[in-house]
Amino acid sequence: MKAATPLDQGWTLHHAGNRLPAAVPGCVHTDLLDAGLIPDPFLEANETAVAWVGRQDWTYTLDLPATATATRHERTDLVFDGLDTAATITLGGTELGSTRNMHRSYRFDATGLTGELKVHFTSAYREAERVRALVGDRPNVYPEPFQYIRKMASSFGWDWGPTLPTAGIWRPARIEHWSTARLARVRPHTTVDGTTGTVELHLDLERTTTGTDRELTATATIGEHTATVTVPADQTTAVLVLHVPDPALWWPRGHGDQALHDLDVTLADEQGPLDTWHCRIGFRTVELDTSADEHGSGFTLIVNGVRLFVRGVNWIPDDTLVTRVTPERYRERLTRAAEANIDLVRIWGGGIYEQEAFYDTCDELGLMVWQDFLFACAAYPEEQPLRGEIEAEARENVARLMPHPSLMVWNGNNENLWGFRDWGWEDELATDSWGEGYYLGLLPRIVAELDPTRPYTAGSPWSGSWDHHPNDVDHGTHHSWEVWNRQDYAEYRATVPRFVAEFGWQAPPAHATLRRALPTEDLAPGSPGMLHHQKAEDGNDKLNRGVEHHFGLPAAFDRWHYLTQVVQARAVAAGIEHWRSHWPRCAGTVVWQLNDCWPVSSWAAIDGDGRLKPLWYELRRVYADRLLTLQPGTDGAAPTVALVNQAAQPWHTTVTLRRVSADGTVTATTEVPVTVETRSVLRLAVPQVLAPVDQSAKEFLVADADGLRAVHFPVRDKEFDYQQPEFEVSVEVVDGSHDTVDVVVTAHTLLRDLLLQADRLAPGAVADQGLLTLLAGEQARIRVTGAAGADAATVRAALYCVEPA
């Protein structure tokens, strides 16, 4: 039977004559941090102080005693699940091989070898420049050579991330002993036909020299169901077919249960088991409908026959130093996604193929996964040595990830097809290769060969063919960035894309996150530390422009911080509410972005310290199965009430409409009983008698139904006649808790976008609600955990709402 010994202890890191303990898995930066040799690059402007680390060569060593490789087995392999990135491996003075791809695993025959194991890493910059010299220059969006090396592109910096190119043994390493044969790769094709689930298992075997003449058997088991196949001598592939009658199906969250089934494969010869393989699978079907219709051509995901409006977010690496991301941290972030009613996570193409724990958690939580192949915002050469690496990388990761039922879509790249057409690349490249052959040739062929049960799309955005502009709103996927870059968020309502795969709005992180990252700074929007932790081009100018559209630009930092977070939440909500109200023409939104990789002003809903921004709470509202929204009319027309029901049951409710004056007087009201059929949208014109006068600064409209609320103001906040906010605050300790309190706010005037910034009470405090709008006389109860000792005065200081201009 195969045996494995982890190599996770006893490593030493060498550089310029210095030696220090090394963690494996790990990276150079974390070892230097643990040794106290570099400052924390996430604090203040320390990123620049540690820039030298990514430009140096580094060597890891480990003494392997003879007992580590001495074995009764025929073969001993040295296995690395991930090396970052350009490395040469020697054992006992014998060179085993070299690597140049962070996204692959490596296996070396180490039979009979012992002594010092050495892994020497060449600087990622040096390797990238070596390849650039071979293949020639190509354009990209950042002045870093990330497209010339198969490494996490965003480690070279992005418009939300620091420049910290890492090096190290970033995934587990081990010694494996085996005899006769082993399971080199297992690919389960899982399908459902009527009431029968089928798993077609494709096995690739590796045999030893003496094992080639052995007949083998492979057995697959799911519960009480078993299939066995005989593998003749010399053969290194086999196929098993396993049928499971009436299997419980795997459903995306909100649509059903996440039934998972243990699948075990055993390879054996006449003397007994040689190797085993295990995974969990789910039975479900997935289709992508891109057919033409009267609006263009769609992009609708269909799971188990049900057409879905996708409620998604984009995922970036959760830490620039990715080896610090643990299974527990994945679960925390992804649980937050599920709690915000998110049902799809897109793994963006400038990051990594995540660890198994990420996909396992998505399987369990019912979070669908859209997986980019790792190409982003650059022209990628198609010549060697890159082409061979890219094919091997794609083949390995398709096979590795395909067992996961949460995986729905393979996507060829991020923005490269769009970039070729719109970013000046076409003329600059002339006849040079730039990646089209990967996205429209190599990758779809690999997916069709290895994972034919899943759809593939060539890019995001992508209109489906060169017959249309790559970012055409009427065809395929669309990235909406013009609004954030140049316009007011109201312009999201100007179009109805078929599927919005990226859009977003920036805001700074939580106050406690800023205080930790910039401990000595007198915080101001343009202070040195704030600007260092703002990586977007003209980022602060765009933040200010967004605030100025609706409010006066405040002088006080705390007020600016609050208003930027309000605008972020409102902007994303405006887009989602509009696009959801146009289902099924628009079939999904994928917000940029869920998470951050360090403390930074960015588009994230969860900041770099894991704190929830107001946007997270707004996503929870606008991504709920049932959504109530007021959509502004055009050319002075009355607003429209839109009720969106994505639940599997009809929605029977009564909508209460009220026209309210600025002083809180209700001037008109009506109740409208409605039924919204399952997975549908109901739009109602607001009666003219209830509609506020166009451009009125004195009145607004409120809609309520089943605890949901929507408001419509005819003018911008800075033009509306708000009264000075008046409210009372009380704090009640929750029974049986030492650190959980209920904050009770009683409104005496209109309180628009009331926000309790719980982290101002204590760094670890969390509120259960985000932005709230209360009418005069209403009361809200906000539960806060981690706020021991909070009283009414400290709570009041942490409460913000919209004020008169």
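Residues numbered from 1 in each chain as written. Predicted model: local features only at pLDDT ≥ 70, side-chain atom pairs only at ≥ 80, totals over all residues. Heavy atoms only, no water.

Things to note about the overall build of the protein
Secondary structure assignment for the protein yields 17 helices and 46 strands. With respect to the three principal axes, the spread of C-alpha positions in the protein is 90 × 65 × 65 Å. Summarising the internal contacts of the protein: among those between residues at least 6 apart in sequence, 69% fall at separations of at least 24. Total accessible area on the protein is roughly 28900 Å²; 48% of this is exposed by carbon and sulfur atoms. Side chains of the protein give 69 positive and 110 negative charges; the mean places of these two sets differ by 1 Å. (Helix = DSSP H or I, 4+ residues; strand = E, 2+ residues; numbered from the N terminus. Contact = heavy atoms within 4.5 Å. Areas by Shrake-Rupley, 256 points an atom, 1.4 Å probe, with all protein chains shown as cover. Lys, Arg positive; Asp, Glu negative; His and termini not counted. Charge placed at Lys NZ, Arg CZ, Asp CG, Glu CD.)

Notes on the sheet that holds strand E18 (residues 261-269)
The four strands lie next to each other as E16-E15-E18-E19, forming an open sheet whose pairing is antiparallel. Edge positions in the sheet fall to strand E16 (225-231) and strand E19 (272-281), since each has one partner strand and no second. The mean angle between the axes of side-by-side strands here comes to 15°, regardless of whether they run parallel or antiparallel. Inspection of the sheet shows strand E15 (residues 216-222) paired to E16 by seven bridges, in the antiparallel sense. Each bridged residue has a counterpart across the sheet, and for Leu216 the counterpart in E16 is Val231. (Pairing = 2+ DSSP bridges. Axes fitted to C-alpha atoms, helices over the stretch in contact; angles between N-to-C directions.)

Considerations on the packing of aromatic side chains
Under the criterion given, the structure shown has 48 aromatic pairs. Taken together, the ring pairs connect Tyr142, Phe146, Trp158, Trp160, Trp348 and Trp592 into an aromatic cluster. The ring of Phe42 has Arg324 sitting right over it, with the charged end atom 5.1 Å from the ring centre. If you follow Arg336 out to its NZ or CZ, it ends over the ring of Trp616, 5.6 Å from the centre. (Phe/Tyr/Trp six-rings, centres within 6.5 Å; stacked < 30°, edge-to-face > 60°. Lys NZ or Arg CZ within 6 Å of the ring centre and 35° of its normal.)

A look at the pairing of strand E36 (residues 666-676)
Inspection of the sheet shows strand E35 (residues 651-661) paired to E36 by 10 bridges, in the antiparallel sense. Across the sheet, residue Trp651 finds its bridge partner in E36, namely Val676. Hairpin geometry of E35 and E36 is characterised by an intervening segment of four residues between the two adjacent antiparallel strands and by a positive phi of about 100° at Gly664.

Quick notes on the pairing of E35
Successive side chains on a regular strand alternate, one facing one side of the sheet and the next facing the other. With nine of 11 residues buried, E35 is to be regarded as a mostly interior element. By the bridge criterion, six bridges tie E35 to strand E38 (residues 699-705) in an arrangement that is antiparallel. Within the sheet, the bridge partner assigned to Ser661 lies in E38 and is Glu699. (Buried < 20%, exposed > 50% of the residue type's maximum accessible area, 1.4 Å probe, protein only.)

Quick notes on the pattern of salt bridges
One pass over the structure, following the stated rule, counts 61 salt bridges. As a salt-bridge pair, Arg130 and Glu127 come within 2.9 Å of each other at their nearest N and O atoms. Of this pair, Arg130 and Glu127 both sit in helix H4 (residues 124-135), three residues apart, which is roughly one turn of the helix. Residue Glu127 is classed as buried on the basis of its relative accessible area of 8%. Measuring nitrogen to oxygen at the nearest pair gives 2.8 Å for the salt bridge that ties Arg709 to Asp704. (Salt bridge = Lys/Arg side-chain N within 4 Å of Asp/Glu carboxyl O.)

Quick word on the packing of helix H7 (residues 386-401) against helix H10 (residues 436-450)
Packing of H7 against H10 brings their axes to within 10 Å, and their N-to-C directions diverge by 35°. Where H7 crosses over H10, the handedness of that crossing is right-handed. For the pair H7 and H10, contact is made by Leu386, Arg387, Ile390, Glu391, Ala394, Arg395 and Val398 and by Tyr438, Leu442, Leu443, Arg445, Ile446, Glu449 and Leu450, respectively. The residue makeup of the contact of H7 with H10, split by class, is nine nonpolar, no polar and five charged. (Left-handed = near helix turned anticlockwise from the far one by under 90°. Nonpolar A, V, L, I, M, F, W, Y, C, P; charged D, E, K, R; others polar.)

A word on helix H5 (residues 327-339)
Residues lying three or four places apart along an α-helix face the same way, a consequence of the helix completing one turn every 3.6 residues. An ideal rise of 1.5 Å per residue puts 18 Å on 13 residues; H5 measures up with 18 Å between its terminal C-alpha atoms. Here H5 has its buried residues at Arg329, Tyr330, Arg333, Leu334, Ala337 and Ala338. (Expected span 1.5 Å × (residues − 1).)

Points about the environment of Arg486
Looking at the secondary structure, you find Arg486 in helix H11 (residues 482-486). For the pair formed by Arg486 and Lys542, sequence separation is 56 residues and the distance between their alpha carbons is 7.6 Å.

Let's talk about unusual backbone geometry
Put simply, Ser460 and Pro461 share a cis peptide bond, and its omega is 0°. Looking at the secondary structure, you find Pro461 in the loop between strand E29 (456-457) and strand E30 (478-480). At Asn304, a residue that is not glycine, the phi angle is positive and equals roughly 50°. Note on placement: Asn304 falls in the loop between strand E23 (300-303) and strand E24 (306-308). With a phi close to 55°, Asp538 is a non-glycine residue in the positive phi region.

Side note on the sheet that holds strand E5 (residues 75-80)
As summarised here, the arrangement of the four strands in space is E1-E12-E5-E8, forming an open sheet in which the pairing is antiparallel. Unpaired on one side and paired on the other, strand E1 (3-6) and strand E8 (106-109) mark the two borders of the sheet. Strand-to-strand twist across the sheet, computed as the mean angle between neighbouring axes with direction ignored, equals 25°. Relative to strand E12 (residues 173-178), E5 runs antiparallel, the two being bridged by six bridges.

Looking at helix H16 (residues 614-622)
Most of H16 sits inside the fold, with seven of its nine residues counted as buried. What H16 keeps buried is the set Pro614, Leu615, Trp616, Tyr617, Glu618, Leu619 and Val622.

Distances and angles like these do not, on their own, reveal function.
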